[in-house]
Amino acid sequence: MIWSFAALCAVVVVGLEGPRILRNAERAHDLDPRTMLALWTSATVAWVLSCGALLAVLAAELLGPSVKGILAACLSLLQALERNHAGWGIGGGAALILAASLRLLWIAMRQGRAGSTWRRAHHRDLLATAQRHHLHGHSVWLLDTDERGAYCVPGPRGGVVITRGALGTLTAAQTRAVLAHEQAHLRGRHHLLVGWVRLLDRAFPGIPLFRAAARDVPTLVEWAADDRAVRDVGMHPLVHALGSLAQAVSADPRQSLSIGGACPIERVRRQIERPTRNRPRRRRTWTGLTAALVMTPLALTVASTFAAALIPHCQCAG
Amino acid sequence: MIAGLGPLEAAVMEVLWSAPEPLPVRSVMEGLTDHQVAYTTTSTVLENLRRKEWVDRERIGRLWFYRPLRDRSTHAAELMNEALNGSRDSESTLLRFVDSMQPEDVRALRAMLAALPEEEGR
């Protein structure tokens, strides 16, 4: 029971304080965006897994002496509640987890279906309107308009979309920087990371860890893609491409500042004022430490599972 | 929301876009070199496009002449803006190179870049 209690505490602490731990590590120790993306993703995945496992374990501890109890708890929850009044709280918690899992699944399905429907429709529009072109070794969709723009659509039928207007303003090196940036998004499957944290925030609004992840991860994927482009093409082409393609919001009321993404000024400043990176060992230590901290709930949950499985339930009681 | 185009509709629009003046149904049909379509099919597609407000027609003599209502570039811009500013579905799917900003932020960004050389000095 003590393990479960410790795991529960860890879940609460990381759920509330996780964002501060992660952001502190990023700021104080200059962790790069890719490391931070890995940390945010593992923190959220570990948190979700621990929550689910923890309640199953608690239910098993009260309702049955072995891991079989987990199954028993799920299948005969009502029966158990009748037998054991102490099970009310656990029963309520288990029902909550079940409801939460169903909600997560439902929203994931809806988000996934809406996304793929949109991608299919957009691909059809691109086929009808854009032309396939080869630019600096990349295959792109070229949109024949004077407006400047570049974006990428993930998926098997996706790719990088760029307008003739954008190509008209960018130099060859800047174009390469834009393409490298978008390719980094596609290769890194950044849409999945952004989709995952937005899904969690949408399914469970109000949990600080998810709220913070949904705010930070979209920025971090832009930074990671910027860093990739800088490694491939250099800093100046990238920042000038940002300057050339940055546009003010128009008076069109449909067009709004996108909530996600990173502030372009911040992106440019990050590249220009890039600090000289030193003390790699210290950075590695802090990465390891932060990872350990955000993974604590999962570690303790695993420990409590073993404890529940190994220590016979009846002996504790009697 | 712009009504999307099917493959044949897109091909018809291509023919109309590349023509300097309005075309009668028969010329559109003859312009569809990649598709084997009957006169009536072409006529139906053109009427569908007129319903979707992609084309307009006028009568000259005994024939209807069709002309595109929006040009290719306007359509391409609409398509992109729809993708970038459209729905929550696209928001969680596509990643744009640079977000739109407030006008004063754009000025600040350009001012910051003015001092930097265009290309790498290496």
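Criteria and cut-off values
- Residues numbered from 1 in each chain as written.
- Chains lettered and ligands numbered in written order.
- Predicted model: local features only at pLDDT ≥ 70, side-chain atom pairs only at ≥ 80, totals over all residues.
- pLDDT = per-residue confidence, 0-100.
- Buried ≥ 20, exposed ≤ 12 C-beta atoms within 10 Å, placed from the backbone.
- Helix = DSSP H or I, 4+ residues; strand = E, 2+ residues; numbered from the N terminus.
- Pairing = 2+ DSSP bridges.
- Domains from an automatic or database assignment.
- Contact = placed C-beta atoms within 7 Å.
- Nonpolar A, V, L, I, M, F, W, Y, C, P; charged D, E, K, R; others polar.
- Axes fitted to C-alpha atoms, helices over the stretch in contact; angles between N-to-C directions.
- Parallel < 35°, antiparallel > 145°, perpendicular 65-115°, else oblique.
- Left-handed = near helix turned anticlockwise from the far one by under 90°.
- Arc of directions from axis to C-beta.
- Expected span 1.5 Å × (residues − 1).
- Core = buried A, V, L, I, M, F, W, Y, C linked by C-beta atoms within 7 Å.

Draft legend 1. Up close: the confidence of the model for chain B. The predicted model of chain B averages 83 in pLDDT, with 87% of residues at 70 or higher. Predicted complex, confidence summary: ipTM 0.70, pTM 0.80.

Draft legend 2. Representation of the pairing of strand 1 (residues 131–135) of chain A in the model. Residue and element names in this part refer to chain A. Counting buried positions along strand 1 yields zero of five residues, so the element is predominantly exposed. In this sheet, strand 2 (residues 138–143) lies alongside strand 1 in antiparallel orientation, the contact comprising five bridges. Looking at strand 2, one finds that histidine 134 is bridged to serine 139. Where strand 1 folds back on strand 2, the antiparallel hairpin that results is connected by two residues, among which histidine 136 adopts a positive phi of roughly 45°.

Draft legend 3. Local environment of the domain arrangement of chain A. All names here are of chain A. By the assigned domains, chain A splits into domain 1 (1–85 + 277–318) and domain 2 (128–274). If you look at the interface, domain 1 gives 15 residues, while domain 2 gives 16 residues. Secondary structure elements with two or more residues in the side of domain 1 that touches domain 2: helix 1 (2–29) and helix 2 (33–63). For the side of domain 1 that touches domain 2, the element with the most residues is helix 2, which contributes nine residues. Class assignment of the residues belonging to the side of domain 1 that touches domain 2 gives a composition of nine nonpolar, four polar and two charged.

Draft legend 4. Main features of the environment of Pro117(B). All names here are of chain B. For proline 117, the location among the structural elements is in the segment after helix 6 (103–114). Of the residues examined, proline 117 has 8 C-beta atoms within 10 Å and is grouped as exposed. Separated by 93 residues in sequence, proline 117 and proline 24 place their C-alpha atoms 55 Å apart.

Draft legend 5. Layout of the pairing of strand 3 (residues 63–68) of chain B. All names here are of chain B. In the sheet, strand 1 (residues 23–24) pairs with strand 3 via two bridges, with the strands oriented antiparallel. Across the sheet, residue proline 24 finds its bridge partner in strand 3, namely phenylalanine 65. For strand 2 (residues 55–60) and strand 3, the ladder comprises six bridges, and the chain directions are antiparallel. Residue pairing across strands places aspartate 56 opposite arginine 67, the latter belonging to strand 3. In this antiparallel pair of consecutive strands, strand 2 and strand 3, the connection spans two residues, and glycine 61 shows a positive phi of 65°.

Draft legend 6. Focus on the packing of helix 8 (residues 190–203) of chain A against helix 9 (residues 208–233) of chain A. Residue and element names in this part refer to chain A. Between helix 8 and helix 9, the least distance of the axes is 8 Å, while the angle of their chain directions is 165°. Judged by the inter-axis angle, helix 8 sits roughly antiparallel to helix 9. The handedness of the crossing between helix 8 and helix 9 is left-handed. Across the interface between the two elements, His190, Leu193, Val194, Val197, Arg198, Leu200 and Asp201 of helix 8 pack against Phe210, Arg211, Ala213, Ala214, Val217, Pro218, Val221 and Ala225 of helix 9. Taken together, the residues of the contact of helix 8 with helix 9 break down into eleven nonpolar, one polar and three charged.

Draft legend 7. View of the interface of chain A and chain B. Chain A puts 56 residues into the contact, and the matching count from chain B is 42 residues. Those elements giving two or more residues to the side of chain A that touches chain B turn out to be helix 5 (87–129), strand 3 (150–153), helix 7 (172–187), helix 8, helix 10 (235–245) and helix 11 (264–272) of chain A. Tallying contributions element by element places helix 5 of chain A first for the side of chain A that touches chain B, with eleven residues. For the side of chain A that touches chain B, the class distribution of residues is 25 nonpolar, 22 polar and nine charged.

Draft legend 8. A look at helix 11 of chain A. Inspection of helix 11 of chain A places Pro264(A), Arg267(A) and Val268(A) among the buried residues, and these make up the whole buried set. End-on, the buried residues of helix 11 of chain A take up no more than an arc of 95°, which puts them together on one face. Structurally, helix 11 of chain A contributes buried residues whose contacts are with helix 9 and helix 10 of chain A together with helix 6 of chain B.

Draft legend 9. Geometry of helix 6 of chain B. Over its twelve residues, helix 6 of chain B runs 17 Å from end to end, which matches the ideal 16 Å to within 8%, given 1.5 Å per residue. Burial analysis of helix 6 of chain B places just one of its twelve residues in the buried class, which makes it a mostly uncovered element.

Draft legend 10. Representation of the nonpolar core in the model. Judged by nonpolar contacts, the single largest core of 78 residues is most densely connected at Trp40(A), Ala43(A), Val161(A), Val197(A), Ala213(A) and Val217(A). In terms of residue count, helix 2 of chain A provides more of this core than any other element does, 14 residues in total. With residues up to four places along the chain from it excluded, the contact list for Ala213(A) reads Trp40(A), Thr44(A), Val197(A) and Leu200(A). The next biggest cluster of nonpolar side chains, apart from the first, holds 14 residues, and it includes Leu16(B), Val25(B), Val28(B) and Trp54(B).

Draft legend 11. Seen up close, the sheet that holds strand 1 of chain A. An order of 1(A)-2(A)-4(A)-3(A)-4(B) is seen for the five strands of this open sheet, with the pairing classed as mixed. Looking at which strands have only one partner, the edges of the open sheet turn out to be strand 1 of chain A together with strand 4 (95–96) of chain B. In this sheet, strand 4 (residues 159–163) of chain A lies alongside strand 2 of chain A in parallel orientation, the contact comprising four bridges. Counterpart to Val140(A) in the pairing with strand 4 of chain A is Val160(A). Across the sheet, helix 4 (residues 72–85) of chain B is in contact with strand 2, strand 3 and strand 4 of chain A together with strand 4 of chain B; its angle to strand 2 of chain A comes to roughly 110°.

Draft legend 12. Examining the environment of Pro154(A) more closely. All names here are of chain A. If you trace the backbone, proline 154 turns up in the loop between strand 3 and strand 4. What makes proline 154 partly exposed here is the crowd of 19 C-beta atoms within 10 Å. Along the chain, proline 154 and leucine 192 lie 38 residues apart, while their C-alpha atoms are 9.3 Å from each other.

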